[in-house]
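Tertiary structure, described
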Amino acid sequence: MADRPSARERQQIIDAFVSEAFAGVGPGATGARIAEGMRQLPADAPDELDADKARAWDELAELVADPAFRRRVRQMAVTGAQEAEKRPYDPQPILEHAGAAVAAGIAPGSPEGREVLDRIVPAGTPAEERRRLAGQVETFTDRRVERFWELTGVLNDRPPFPSGVPAFEWLAEALRAHA
């Protein structure tokens, strides 16, 4: 992209995206802090970006302009605000156990997958609750949203982070397989 927006214009693009996605989600609602985080671009960013940041911005601008991505983030924001009290899972055991299962190639529907699942969700969890939790995990798991955070990380000089999406996708599949 030869003519990139200034730092102020980049911030306006992100602000407009986040405002649309989180419209009607109160400042005290679950997800409000996520909106704040999504808005953060460096306050002292220069108008001209280095090559890595320019590529990150180009991809980020394309992502936030995508209507399907915008709808997906909106769905996550609204659902998160409505179902805050129904989020019973802690991400750490998921990342640890399901992440290890992904790395080891353990199929979610296998007996070994069931053993891993039982380390994350109590073995006696009813099938209906497992299906509900699977749906919830699926709602809040999206590779494009994770990519948004990776790209804003580049722009904010944050170090890269390992992808958590495969672990959450594995969990959702295991929950459905063992419901």
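This text follows the structure it describes.
The following refers to the structure shown. For clarity, every value in this text was computed on a predicted model and none was experimentally measured. (Residues numbered from 1 in each chain as written. Predicted model: local features only at pLDDT ≥ 70, side-chain atom pairs only at ≥ 80, totals over all residues. Heavy atoms only, no water.)

What follows is about the pattern of salt bridges. For the structure shown, the criterion picks out 14 salt bridges. Close ionic contact of Arg72 with Asp142 constitutes a salt bridge, the shortest N to O distance being 2.9 Å. Here Arg72, found in helix H4 (residues 67-82), pairs with Asp142, found in the loop between helix H7 (127-139) and helix H8 (143-155); they are 70 residues apart in sequence, far enough to count as distant. We note a salt bridge from Arg147 to Glu150, for which the minimum N-O separation is 3.0 Å. Separated by three residues within a single helix, Arg147 and Glu150 lie in helix H8, roughly one turn from each other. According to the relative accessible area criterion, Glu150 is partly exposed, its value standing at 25%. Salt bridges linked by common partners bring Glu59, Arg147 and Glu150 together as one network. (Salt bridge = Lys/Arg side-chain N within 4 Å of Asp/Glu carboxyl O. Helix = DSSP H or I, 4+ residues; strand = E, 2+ residues; numbered from the N terminus. Buried < 20%, exposed > 50% of the residue type's maximum accessible area, 1.4 Å probe, protein only.)

Take the packing of aromatic side chains next. The relation between two aromatic rings is expressed through the spacing of the ring centres and the mutual angle of the planes. Scanning the model with the defined rule gives four aromatic pairs in all. With a centroid separation of 5.6 Å and an interplanar angle of 85°, the aromatic rings of Phe148 and Trp149 are classed as edge-to-face. A residue is classified by how much of its surface remains accessible, and Phe148, at 0% relative accessible area, is buried. An aromatic cluster is present here, built from Phe17, Phe69, Phe148 and Trp149 joined pairwise through their rings. (Phe/Tyr/Trp six-rings, centres within 6.5 Å; stacked < 30°, edge-to-face > 60°.)

To continue, consider the packing of helix H3 (residues 51-65) against H4. Between H3 and H4, the least distance of the axes is 5 Å, while the angle of their chain directions is 70°. By the angle between their axes, H3 is roughly perpendicular relative to H4. In contact with Leu63, Val64 and Ala65 of H3, H4 contributes Pro67, Phe69 and Arg70. Among the residues forming the contact of H3 with H4, the class breakdown is five nonpolar, no polar and one charged. (Axes fitted to C-alpha atoms, helices over the stretch in contact; angles between N-to-C directions. Parallel < 35°, antiparallel > 145°, perpendicular 65-115°, else oblique. Contact = heavy atoms within 4.5 Å. Nonpolar A, V, L, I, M, F, W, Y, C, P; charged D, E, K, R; others polar.)

With that settled, the discussion passes to helix H2 (residues 32-39). Among the residues of H2, those classed as buried are Ala32, Ala35 and Met38. Down the axis of H2, the sector holding all buried residues measures 115°, keeping them to one side. (Arc of directions from axis to C-beta.)

Turning our eyes to something else, we now look at unusual backbone geometry. In the Ramachandran plot, Asp157 falls in the positive-phi region, its phi being about 60° despite a non-glycine side chain. Tracing the backbone shows Asp157 in the loop between H8 and helix H9 (165-177). On the basis of relative accessibility, which here comes to 59%, the residue Asp157 falls in the exposed class.

The next thing to look at is the side chain of His178. Within the fold, His178 resides in the segment after H9. Classification of His178 as buried rests on a relative accessible area of 12%.

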